[in-house]
Amino acid sequence: MKKKLLILLFPLFVVACADKSQYEEVVLEEMKKEQDVKDYKIDPAYMAKCVVDTTYKRMPGFFVFDPDRLAAYRNYAKMLKMSVSKDPQKTLNELRKDFGSPDELAKAHSVYTESMMDCYTAILHEAGEDSEEKT
């Protein structure tokens, strides 16, 4: 019985890891392009990890393998890649449908933006504390 359960859950685990990894890669690419990350000399990987962790807490779904959480990873990654889309209007319409409504898409974008601002605040606060300890 345990083997059957494991066999049934393994594909879900693989898909969940792939979706989260894709989202993490997209966020990292965005952080590498982000001018404030460059200006404040923040490690893009560190910033990306913070943003992923922060958005994770605010995404729909209750646990890692929740179907809503898996869909959120895919949708957030697609939302962030919209700027490189060949047909941004088509992608925007797809995102509105994927998120359920234009309001939900706006809410997701707001969650991502708020997560970035929270991470900037936390990282710059850490850097300020480090510089105060050195003096």
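What you see is a predicted model, and the numbers here were worked out from it, not measured in a lab.

Engineer: Where do I start with the state of the cysteines in this structure?
Structural biologist: A covalent bond between the sulfur atoms of two cysteines is what we call a disulfide. Following the criterion strictly, the structure yields 1 disulfide and no others. A sulfur-sulfur separation of 2.1 Å characterises the disulfide bridge that pairs C50 with C119. Taking the torsion about the sulfur-sulfur bond, which here is approximately -95°, the covalent link between C50 and C119 counts as left-handed. Pair noted here: C50 is in helix α3 (residues 44-58) and C119 is in helix α6 (residues 102-134), with a separation of 69 residues, a long-range link. The exposure class assigned to C119 is buried, which follows from its relative accessible area of 0%.

Engineer: Even after reading the chapter, I still don't get the packing of helix α4 (residues 67-80) against helix α5 (residues 88-99), so can you show me in this structure?
Structural biologist: Packed helices, taken two at a time, are described by the angle their axes make and the gap between the axes. Close contact between α4 and α5 brings their axes to 10 Å; oriented N to C, the two are set at 160°. Classified by the interaxial angle, the pair formed by α4 and α5 is roughly antiparallel. Once α4 is placed against α5, the crossing between them reads as left-handed. Contacts between α4 and α5 pair N75, Y76, K78 and M79 from the former with T91, E94, L95, D98 and F99 from the latter. Grouping the constituent residues of the contact of α4 with α5 by class yields 4 nonpolar, 2 polar and 3 charged.

Engineer: Looking at this structure, how should I read the side chain of S115?
Structural biologist: Here S115 shows up in helix α6. From its side chain, S115 meets the backbone oxygen of V111 in a polar contact 2.8 Å long.

Cut-offs applied
Residues numbered from 1 in each chain as written. Predicted model: local features only at pLDDT ≥ 70, side-chain atom pairs only at ≥ 80, totals over all residues. Heavy atoms only, no water. Disulfide = S-S within 2.5 Å. Helix = DSSP H or I, 4+ residues; strand = E, 2+ residues; numbered from the N terminus. Buried < 20%, exposed > 50% of the residue type's maximum accessible area, 1.4 Å probe, protein only. Axes fitted to C-alpha atoms, helices over the stretch in contact; angles between N-to-C directions. Parallel < 35°, antiparallel > 145°, perpendicular 65-115°, else oblique. Left-handed = near helix turned anticlockwise from the far one by under 90°. Contact = heavy atoms within 4.5 Å. Nonpolar A, V, L, I, M, F, W, Y, C, P; charged D, E, K, R; others polar. Polar contact = N/O pair within 3.5 Å; in protein donor to acceptor, adjacent residues only side chain to side chain.

Worth remembering: the numbers are spatial, not functional.
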